[in-house]
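The primary structure of each chain is shown beneath.
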Amino acid sequence: LTGEYCFAEDTTSINSSEFTQQDLQSFALGAYVFKGNFSVAASYGAWGDSLMMVRSDLNSSDNNFRDNNASYTTVGAGYQFGAYKFNVATFNSDYRGQNFALTSVAFDYRLSKNFTLYGELNQYSFSANSNDEADSTAYISGTSFDNEGNVIFLGAKLHFGEFNSVSQIALDTSSNFY
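Criteria and cut-off values
Residues numbered from 1 in each chain as written. Predicted model: local features only at pLDDT ≥ 70, side-chain atom pairs only at ≥ 80, totals over all residues. Heavy atoms only, no water. Helix = DSSP H or I, 4+ residues; strand = E, 2+ residues; numbered from the N terminus. Buried < 20%, exposed > 50% of the residue type's maximum accessible area, 1.4 Å probe, protein only. Contact = heavy atoms within 4.5 Å. Areas by Shrake-Rupley, 256 points an atom, 1.4 Å probe, with all protein chains shown as cover. Pairing = 2+ DSSP bridges. Axes fitted to C-alpha atoms, helices over the stretch in contact; angles between N-to-C directions. Phe/Tyr/Trp six-rings, centres within 6.5 Å; stacked < 30°, edge-to-face > 60°.

1. Some points on the overall build of the protein
Check the secondary structure of the protein and you find one helix and 10 strands. In the protein, the succession of α and β elements from N to C terminus is β-β-β-β-β-β-β-β-β-β-α. With 178 residues in all, the protein has 24% of them scored as buried. Partitioning the contacts of the protein with sequence separation of at least 6, the portion at a separation of at least 24 is 50%. Surface summary for the protein: the accessible area is close to 11700 Å², and the carbon and sulfur share equals 56%.

2. Focus on the sheet that holds strand 10 (residues 147-158)
Taken in spatial order, the eight strands make up an open sheet running 1-3-4-6-7-8-9-10, and their pairing is antiparallel. Of all strands in the sheet, those bounded by a partner on one side alone are strand 1 (2-6) and strand 10. For this sheet, the mean inter-axis angle between neighbouring strands, taken without regard to orientation, is 10 degrees. In the sheet, strand 9 (residues 115-127) pairs with strand 10 via 12 bridges, with the strands oriented antiparallel. From the neighbouring strand, Q123 faces strand 10, where its bridge partner is N150.

3. Describing the environment of S39
Mapping S39 onto the fold places it in strand 4 (residues 38-48). In this structure, the C-alpha to C-alpha distance between S39 and G76, residues 37 residues apart in sequence, is 8.2 Å. Other than its neighbours up to four places away in sequence, S39 contacts Y32, V33, F34, G76, A77 and G78.

4. Some remarks on the packing of aromatic side chains
Note on aromatic pairs: each is described by the distance of the centres and the angle between the planes. Under the defined criterion, the tally for this structure stands at 13 aromatic pairs. Ring geometry for Y84 and Y109: centres 4.8 Å apart, planes at 35 degrees, overall tilted. Of this pair, Y84 sits in strand 7 (residues 84-95) while Y109 is found in strand 8 (residues 98-112), placing the two residues 25 residues apart along the sequence. Classification of Y84 by relative accessible area gives partly exposed; the value is 34%. The exposure class of Y109 is partly exposed, given its relative accessible area of 28%. Members of the aromatic cluster, each reached through a chain of ring pairs, are F38, Y79, F81, Y84, F107 and Y109.

Listed below in structure tokens is the structure:
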């Protein structure tokens, strides 16, 4: 559990035609549980209208219009068997009428104690429908700025750890690293 609270700026000296930033008020709660080769994790975070730019003379700055329920959720599960690891995770967020969703599938293969190959497929979608006058990039009435796509990561991770040279890593054939 973690939380933050702070004042963004002194709004008493600003007139109604200037944008002001809302105070920061947020929290996040998460958990990770594992049993044997299985693991599950989840989290929830909320920041309400924290740091949102508002102006008192715009309709979109009215408390009834502002999204004061901005939040995110994550859920993930994994399974490890020997040198192989498989994970699936999702991330969803909602902020001021803009929704983001990400689903990720990952696979790792540990070739040695210090060398891992990995692959990850991510699918995302972003919905940014907005009539929000405070967001100048989105204020085109009824216009959609939706986006979606896929991202693939392929790579290798080399861990030097307690070894003094690269040759020690290449020659390490111990079987106690799984």
